[in-house]
Amino acid sequence: MTRAHRAQQTRGYHFCPWCPARRVGARVDGPRGSAEIRVEGNGVAYAAPELIAHYVEVHDYLPPADFVEAVLSSDVAA
């Protein structure tokens, strides 16, 4: 989903607010995103930060049930 459903690309990056960023030379390493993902389900279009997969996998975030259902029923999720 984070590759195929990207939208609202920005010029900068958003770093994960829960991961400690590591400064390496002039750059900061860590999970970062620069877009949203969009998915449709039950007649509603959902938007989420591109880092949502990271939030779920690493930080045990649980998105709303309707959003999860839309992602799991999407053609891309299969």
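For the structure itself, look to the data block above.
Only a predicted model underlies this, so the values are computations on that prediction, with no experimental measurement involved. (Residues numbered from 1 in each chain as written. Predicted model: local features only at pLDDT ≥ 70, side-chain atom pairs only at ≥ 80, totals over all residues. Heavy atoms only, no water.)

## As for the pairing of strand β7 (residues 44-49)
Then, in step 1: By the bridge criterion, six bridges tie strand β6 (residues 36-41) to β7 in an arrangement that is antiparallel. Counted as the bridge partner of Arg38 is Ala47 from β7.
Then, in step 2: Between β6 and β7, which pair antiparallel one after the other, the connecting turn spans two residues, and Asn42 there sits at a positive phi close to 55 degrees. (Pairing = 2+ DSSP bridges. Helix = DSSP H or I, 4+ residues; strand = E, 2+ residues; numbered from the N terminus.)

## Some remarks on helix α2 (residues 65-73)
Then, in step 1: Turning to α2, its buried residues are Phe67, Ala70 and Val71. Taken end-on, α2 shows its buried residues confined to a sector of 100 degrees, consistent with a single buried face. Among the exposed residues of α2, those oriented more than 90 degrees off its buried face are Ala65, Leu72 and Ser73.
Then, in step 2: Along its buried surface, α2 packs onto β6, β7 and α1 (52-59). (Buried < 20%, exposed > 50% of the residue type's maximum accessible area, 1.4 Å probe, protein only. Arc of directions from axis to C-beta. Contact = heavy atoms within 4.5 Å.)

## Description of the state of the cysteines
Then, in step 1: Evaluated as defined, the whole model comprises zero disulfides.
Then, in step 2: There is no disulfide at Cys16, and the cysteine sulfur nearest it, in Cys19, is 3.8 Å away.
Then, in step 3: For Cys16, a relative accessible area of 5% gives the class buried. (Disulfide = S-S within 2.5 Å.)

## Notes on the pattern of salt bridges
Then, in step 1: Tallied over the full model, the rule gives one salt bridge.
Then, in step 2: Across the pair Glu36 and Arg38 runs a salt bridge, and its minimum N-O distance is 2.8 Å.
Then, in step 3: Here Glu36 falls in the partly exposed class, since its relative accessible area comes to 27%. (Salt bridge = Lys/Arg side-chain N within 4 Å of Asp/Glu carboxyl O.)

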